[in-house]
Number of protein chains: 2
Amino acid sequence: MIRVVLADDEDLIRGALAALLELESDITVVAQVSDGDAAVAAVAEFAPDIAVLDLEMPRRDGVAAARAIGAGTAVVIVTRHARPGVLRRALAAGVRGFVPKTTPAARLASILRDVHGGGRYVDSEIAASALTADSCPLTGRELEVLRLTRGGGSVQDVAQEVHLAHGTVRNYLSSAMTKLGVTSRHDAARKAWEEGWI
Amino acid sequence: MIRVVLADDEDLIRGALAALLELESDITVVAQVSDGDAAVAAVAEFAPDIAVLDLEMPRRDGVAAARAIGAGTAVVIVTRHARPGVLRRALAAGVRGFVPKTTPAARLASILRDVHGGGRYVDSEIAASALTADSCPLTGRELEVLRLTRGGGSVQDVAQEVHLAHGTVRNYLSSAMTKLGVTSRHDAARKAWEEGWI
DNA sequence: ACGGGGAGCTGACATTTGTCACGGCGGACC
DNA sequence: GGTCCGCCGTGACAAATGTCAGCTCCCCGT
């Protein structure tokens, strides 16, 4: 019997996934929680075989929770935002399975069985785009100002933070925007984040 | 037996919801589709008692699909973005149930039974905020430029569209931003949309 | 040694965006 | 009629933003 802890902040979805998994005779959901911290606590308490975590959760997202859980329990991340960069971060955190929500429901159980048997599962489409994706074309400074821009601050704030002239910061941002094919620093920061570069 | 058509673009969620509903002895899912157009077609073909539609779907969103389906079949909207304005639009389209994804999974079946029995269901929390929400503080012109701004165009584009000086458009935008407590026209347009004012 | 090229850094410029003070118009109210 | 007030509309101004040409420094290949 595969014992599973299920974490998703949307009650309806979490309950539905639990119903789906309980249909399988060899899988049982031993705990349901609605945020990342609770997921870590539930894993410590119930010592399940697998933790199925939604990526987007309050207080601690799925990847951060996976890192906190460590290697003792297999973690499968479920997400709606299946971008290459997210996959990279998830794998770096030791995640054993990465399942976009576009995956057919019927396949989830077999994925959990694979993972329980020691295997890994990565959505093939995302893996392909992660592998073919161009390596990061941005320089160190460009990445740095993008990282700070993502916080929402103005150019002035960022410039003060890194002790540079505002013109310099604008220049890095401009260069990054050109490389990424967007027209605003916010778009650039979001895109770089999605690609996993910052 | 309550016959249901289920529409959601995320296979995993749709399948999980189907599993959840099939657990009920008096409910059966007669068709599953993944976009709004297919939902309309499936309702025409299967003549179900209830259509359960996700709000966010490609090609035609849940509310638009509900309008196309008409009054012959009861429609229940399920959504992650449970804002007052969305609720208003949904009710205006003749929707019989409005269920945010934060609803406990166990309650979905009883909601469907209520709706099948001729009742309506509206999440009480959203209904409350929709009723207590301040009425729209924006003027006609402000709403108009916000509507056009939402398309993503620049101030120049909007000004040309409404045959006004760009200064005038900026003024309306500025006024709207002040009233809404935000600092960019994009935020203002998004907020007004969420409130259901445009 | 030396030349080329990339990264870091800067200021000057044009454009875009947001704010302000102002005037005209029309309805509500006395 | 007269006044007040809100909405409509405009242009001037300031700040933020994006683009450009150019500078230095350092690494790398010859």
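None of these values were measured; they are calculated from a predicted model. (Residues numbered from 1 in each chain as written. Chains lettered and ligands numbered in written order. Predicted model: local features only at pLDDT ≥ 70, side-chain atom pairs only at ≥ 80, totals over all residues. Heavy atoms only, no water.)

Caption draft 1: Main features of the overall build of chain A. Looking only at helices and strands, chain A has 10 helices and 6 strands in total. Its C-alpha atoms give chain A principal-axis dimensions of roughly 65 × 30 × 30 Å. Across the 198 residues that make up chain A, the buried fraction comes to 46%. Put simply, 59% of the contacts in chain A that link residues at least 6 apart link residues at least 24 apart. Accessible surface computed for chain A: about 9100 Å², of which carbon and sulfur atoms make up 49%. The centroid of the 22 positive side-chain charges in chain A is displaced by 6 Å from the centroid of its 25 negative side-chain charges. (Helix = DSSP H or I, 4+ residues; strand = E, 2+ residues; numbered from the N terminus. Buried < 20%, exposed > 50% of the residue type's maximum accessible area, 1.4 Å probe, protein only. Contact = heavy atoms within 4.5 Å. Areas by Shrake-Rupley, 256 points an atom, 1.4 Å probe, with all protein chains shown as cover. Lys, Arg positive; Asp, Glu negative; His and termini not counted. Charge placed at Lys NZ, Arg CZ, Asp CG, Glu CD.)

Caption draft 2: Main features of the protein's contact with DNA strand D. In the vicinity of DNA strand D there are 18 residues, among which Arg185(A), Thr139(B), Arg141(B), Asn171(B) and Tyr172(B) approach most closely. Sugar and phosphate atoms represent 63% of those atoms of DNA strand D found within 4 Å of the protein. In the environment of DNA strand D, a phosphate oxygen lies 3.1 Å from a nitrogen or oxygen atom belonging to the backbone of Ala165(B). Within the side chain of Asn171(B), one N or O atom sits 2.5 Å away from a base oxygen of DNA strand D. Counting only elements with at least two residues in the surface near DNA strand D, the list comes to α9 (166–180) of chain A together with α7 (140–149) and α9 (166–180) of chain B. Tallied by class, the residues present in the surface near DNA strand D amount to 5 nonpolar, 9 polar and 4 charged. (Near = heavy atom within 4 Å. Polar contact = N/O pair within 3.5 Å; in protein donor to acceptor, adjacent residues only side chain to side chain. Nonpolar A, V, L, I, M, F, W, Y, C, P; charged D, E, K, R; others polar.)

Caption draft 3: Examining the sheet that holds strand β5 (residues 97–100) of chain B more closely. Residue and element names in this part refer to chain B. If you trace the 6 strands from one edge of the open sheet to the other, you get β2-β1-β3-β4-β5-β6, paired in parallel fashion. A strand with exactly one partner marks an edge of an open sheet, and here the two such strands are β2 (27–33) and β6 (121–122). Taken strand by strand, helix α1 (residues 11–22) contacts β1 (2–7) and β2, and its axis lies near 165° from that of β2. (Pairing = 2+ DSSP bridges. Axes fitted to C-alpha atoms, helices over the stretch in contact; angles between N-to-C directions.)

Caption draft 4: Fine view of the interface of chain A and chain B. At the junction of the two partners, chain A supplies 20 residues and chain B supplies 20 residues. Contact between chain A and chain B buries roughly 1700 Å² in total, counting both sides, with carbon and sulfur atoms accounting for 71%. Per-residue buried area on chain A facing chain B is highest for Leu12(A), Arg80(A) and Lys101(A); these three make up 34% of the total on that side. Our enumeration of links across chain A and chain B arrives at 2 salt bridges. A per-element tally of the side of chain A that touches chain B places helix α1 (residues 11–22) of chain A first, with 8 residues. (Buried area = accessible area lost by both parts, 1.4 Å probe. Salt bridge = Lys/Arg side-chain N within 4 Å of Asp/Glu carboxyl O.)

Caption draft 5: Layout of the environment of Glu195(A). Residues and elements named next belong to chain A. Topologically, glutamate 195 is positioned in helix α10 (residues 185–195). A sequence separation of 110 residues divides glutamate 195 from glycine 85, and the C-alpha atoms of the two residues are 4.2 Å apart. Sequence-distant contacts of glutamate 195, that is, excluding residues within four places in its chain, are made with Gly85 and Arg88.

Caption draft 6: Broad picture of the domain arrangement of chain A. Domain assignment breaks chain A into domain 1 (2–132) and domain 2 (140–195). On a C-alpha basis, the centres of domain 1 of chain A and domain 2 of chain A stand 33 Å from each other. (Domains from an automatic or database assignment.)

Caption draft 7: Up close: the nonpolar core. In terms of nonpolar packing, the biggest core is built from 52 residues, with Ile50(A) and Ile50(B) touching the most fellow members. Residues contacting Ile50(A), with those up to four places away along its chain left out, are Ile2(A), Arg3(A), Val4(A), Val5(A), Thr73(A), Ala74(A), Val76(A), Leu112(A), Val115(A) and His116(A). (Core = buried A, V, L, I, M, F, W, Y, C linked by side-chain atoms within 4.5 Å.)

Caption draft 8: Structural context of unusual backbone geometry. Within the chain, His163(A) stands out as a residue other than glycine whose phi angle is a positive 60°. Within the fold, His163(A) resides in the loop between α8 (155–162) and α9. Residue class for His163(A) comes out exposed when judged on its relative accessible area of 70%. Phi is positive for Arg59(B), which is not a glycine, with a value near 70°. By secondary structure assignment, the location of Arg59(B) is in the loop between β3 (50–54) and α3 (62–69). Overall, the relative accessible area of 65% leaves Arg59(B) in the exposed class.

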